[in-house]
Structure formats: C-alpha cells, structure tokens
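Coordinate inspection notes
Each chain, written out:
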Amino acid sequence: MLALLFILFAALAVGCALAVVAQRNPLYSAISLIGVFISLACLYVMLAAPFIAAVQVIVYAGAIMVLVVFVIMLLNVEHEDSRRTRVGFLLPAALVLAAVLIAEVAFILVSVDKASFPSSSSSDIGSTASIGSQLFTTYLLPFEITSILLLMAIVGAMTLARRARELSPNARVIPGAQLLAANIIDPSKALDDTTAIETDTVAEAAHLLGITSPRDPSKRD
Amino acid sequence: MEPQLSWYLALSAILFTIGVAGVIIRRNVIAMFMCIELMLNAVNLTFVSFASFFQDVTGQLFVFIVMTVAAAEAAVGLGIIIAIFRNRESLDVDDANILKL
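Rules and cut-offs
Within any chain, residue numbers begin from 1 and follow the written order of that chain's sequence. Ligands are numbered from 1 and chains lettered from A, in the order in which they are written. Thresholds applied to this predicted model are a pLDDT of at least 70 for local features of residues and 80 or more for the giving and counting of side-chain atom pairs; totals over whole chains, interfaces and linings are not thresholded and use all residues. A run of H or I in DSSP counts as a helix once it spans at least four residues, and a run of E counts as a strand once it spans at least two, with each numbered from the N terminus. Residue pairs are scored as contacts if the distance between their C-beta atoms, which are placed from the backbone, is within 7 Å. Buried, partly exposed and exposed are defined by the number of other C-beta atoms within 10 Å of a residue's own C-beta, namely 20 or more, between the two limits, and 12 or fewer respectively, with C-beta atoms placed from the backbone. By definition, a nonpolar core groups buried Ala, Val, Leu, Ile, Met, Phe, Trp, Tyr and Cys residues that connect through C-beta atoms lying within 7 Å of each other. Only Asp, Glu, Lys and Arg are considered charged, only Ala, Val, Leu, Ile, Met, Phe, Trp, Tyr, Cys and Pro nonpolar, and every remaining residue, Gly among them, polar. The quantity called pLDDT is the predictor's confidence in a given residue, expressed from 0 to 100. The axes are straight lines fitted to the C-alpha atoms, using for helices just the contacting stretch, and the angles between their N-to-C directions are given from 0 to 180°. Each angle gets one of four labels, with under 35 degrees taken as roughly parallel, over 145 as roughly antiparallel, 65 to 115 as roughly perpendicular, and the rest as oblique.

**Section: the overall build of chain A**
Within chain A one finds eight helices and two strands. Secondary structure of chain A in N-to-C order comes out as α-α-α-α-α-α-β-α-β-α. Taking as baseline every contact in chain A between residues at least 6 positions apart, the subset at least 24 positions apart corresponds to 45%.

Below is the structure:
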C-alpha cells in the first residue's frame, strides 16, 4: 500500500519536474513546479514528517511560488526563442560522465539498503514539539543567524528592485530629501565640493536656496 | 512492501538531475531560478528521508533552515531578475553577458 503511494507520488513529482524543464512558457513551468512541491509534501507525510510537509506547502507552494508568479506576470515574459547551440563535440564526454555518475549512484543505492537502521519507532520524531524543542535549544544559533539572513534578504531585495531616483538637469530641490550635495543644487559648483546643506523640510530648503519649489510640498513621492 | 530508503534517495537523485539539466538547458532566467528551487527540494527530500530512517530530528531541522535560505534566495534572486529586465529588456541569460547591470 505504502509502496503504491510512493510510486504514485514519485511519478507525479518526476513528471511535473520534467514539465518544469520542458515547458517553454515560464508560467506553465511555475505551475508544474507547484505540482512537484505538493507531491513532495505528500512524500514527507509518508516519511512521518507532518510539520515539514505543512511548511513545504505553506512556504514553498504558497509564498515562494506566488512571488515567482508575480514576477512572471509583472515582467510579461514571452516564450523564449529556441536557438540551437553547438554541443555536438560535448556529447561523448557527457555520455561517459553520465555513465560514471549512474554507476556511483547505483552503488550507493545498493549499499544503503544493507545498512541497519534503528528499529525503534518512536512517534514523536517529526512532530512540531520535537522540532521546536531542538530548534530553540541545540540549534538556537543557526536559528538566529537565519533571522539575520532574512533581514539582509529584505534589505537587499528592496535595494535591488527599487528604481533609482532620476534627477532632471533642472532639478534644484528634491522633495523629501533632507541632505543635498551642493553640486546637485548648483551644477556650476565642482564635483569634489562636498559642502552639503541640511534642512528639515522642502519649504525650508527652498527658502534657503531663494527659490519657490515647483512642486506641491505636501505631495511627496 | 515498504518503501526502502534507497527508493527515496533514487527519487531525490532523479529530481536533482532534472534540476541540473534545466539550469543547463533553459535560457530564461526565471526558468533557471525555478530549476534551482527544484534542486533544493531534491536535497530536502534526502534530508527528510534520512531523518525518518535514522529516527533523528536533525535532518528535519536542516530542511527548515534550507527552506528559509530558499525564501531569502527567492526574494534577492527575483530582485536581481527585475533589475536585469529593467536594464536589458530581456530575460535571456545570453543577453546579460556583460558583468554589469
């Protein structure tokens, strides 16, 4: 029974994975990838890891794939054009290396079944409580480091995806900017003149420069 | 017949190989990105199956950490993809051959 379930989900995972690679449209690839994630979550349940299965569905199939689908739709990517590259001379080398790899993997898979496993079937291995207690005692430091990593990812993603603010040549006051380099305000000054003007509001900056701001100061971008 | 550990490891190896092939074959940056996610999931399956067969929860904790890293990688990677698209008007990796955004 379990073997039948394994074959079902494994076939589903491999088929969806092949579809990820074979599809020309990235959106179809993304949906096939969600199929892979769901079938892997079913396999995790079979392996007595219900917490990991739930996190797999929520984080991978939910959050990450929604992000990917958002980007695909935002960029409105077309089908990729099929160009042929010359790989003919690499084909024999690839076949030899693949044969070596298959032999290694087959050796490992044959020998791993001869290993002895602990037979005690304690049922709390994959439970949320056991994972949580380990995560907050033995593995507390990796947990904290992960939080720092997530913070860095947030800052990095915002910095990368932000459109750089473009200055027109006539721009004299940037609304919302409190610290302006002098050469931005007056282009006739030299670039290495690092004198800065510090003001709190746009109106103050405009008054200091002796101009009236062309934009509405209350409307910040 | 119960599924053996080698079955799960073989499935994981197959999925990882498909992911590697996808990164090599595809030219669309987003498709390559999704193939990397596929490889991460193959490794996760290895971790969970070892954790299950050795009755040790450490493997599942590793999966937890890997998922967090994958989420961070997704955010930063998609930010880079958007930056490339803004500058090149293309998602083809062959167009982004100059090491400059």
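Now, onward.
**Brief notes about the overall build of chain B**
Of the regular secondary structure elements, chain B holds three helices and zero strands. Element order for chain B, N to C, with α for helix and β for strand: α-α-α. Here the C-alpha coordinates of chain B stretch approximately 55 × 25 × 20 Å along the principal axes. Here chain B holds 101 residues, and the buried ones make up 44% of them. The contacts of chain B with a sequence gap of at least 6 include a subset with a gap of at least 24, amounting to 45%.

**Description of the nonpolar core**
Among the nonpolar cores identified, the biggest contains 63 residues, and Ile30(B), Met34(B) and Leu38(B) are the most heavily contacted of them. For this core, the secondary-structure elements that each account for two or more residues are α1 (2-22), α2 (26-46), α3 (50-75) and α6 (140-161) of chain A together with α1 (5-25), α2 (29-53) and α3 (58-88) of chain B. Sort the elements by how many residues they give to this core and α2(B) lands first, with 13 residues. Among residues more than four places away in sequence, those in contact with Ile30(B) are Pro26(A), Val68(A), Val71(A), Ile72(A), Val77(A), Ile81(B) and Leu91(B).

**Some details on the interface of chain B and chain A**
Residue-level contacts link 58 residues of chain B with 60 residues of chain A. Elements supplying a minimum of two residues to the side of chain B that touches chain A: α1, α2 and α3 of chain B. With 21 residues, α3(B) is the single largest residue contributor to the side of chain B that touches chain A. Residues belonging to the side of chain B that touches chain A are distributed by class as follows: 42 nonpolar, eleven polar and five charged.

**Concerning the confidence of the model for chain B**
All names here are of chain B. When pLDDT is averaged along chain B, the result is 88, and 96% of the positions lie at 70 or above. At the low end of the mean pLDDT range in chain B sits α3, at 89; at the high end sits α2, at 93. Reported confidence for the predicted complex is 0.92 by ipTM and 0.77 by pTM.

**What to know about unusual backbone geometry**
Here the phi dihedral of Ala48(A) falls at roughly 60°; this positive angle occurs in a residue that is not glycine. Along the chain, Ala48(A) turns up in the loop between α2 and α3. The class of Ala48(A) is buried, set by 20 C-beta atoms lying within 10 Å. You will see that Gln55(B), though not glycine, has its phi angle at about 55°, which is positive.

**What about the packing of α1(A) against α1(B)?**
Where α1(A) contacts α1(B), the axes come no closer than 9 Å and their chain directions differ by 5°. With respect to α1(B), the axis of α1(A) lies roughly parallel. Residues Phe6(A), Ala10(A), Ala13(A), Val14(A), Ala17(A), Leu18(A), Val20(A) and Val21(A) of α1(A) lie in contact with α1(B), whose contacting residues are Trp7(B), Leu11(B), Ile14(B), Leu15(B), Ile18(B), Ala21(B), Gly22(B) and Ile25(B).

**Quick notes on the packing of α6(A) against α3(B)**
At a minimum axis separation of 8 Å, α6(A) and α3(B) run at an interaxial angle of 10°. Taken together, the axes of α6(A) and α3(B) are roughly parallel relative to one another. On α3(B), the residues touching Pro142(A), Thr146(A), Leu149(A), Leu150(A), Ala153(A), Ile154(A), Gly156(A), Ala157(A), Leu160(A) and Ala161(A) of α6(A) are Ile65(B), Thr68(B), Val69(B), Ala72(B), Ala75(B), Val76(B), Gly79(B), Ile80(B), Ile82(B) and Ala83(B). When the residues that make up the contact of α6(A) with α3(B) are grouped by side-chain class, the tally is 16 nonpolar, four polar and no charged.

**Examining the environment of Leu160(A)**
Residues and elements named next belong to chain A. The residue leucine 160 is located in helix α6 in this model. A residue is classified by how many C-beta atoms lie within 10 Å of it, and leucine 160, with 18 of them, is partly exposed. Along the backbone, leucine 160 and alanine 129 are 31 residues apart, and their C-alpha atoms lie at a distance of 38 Å.

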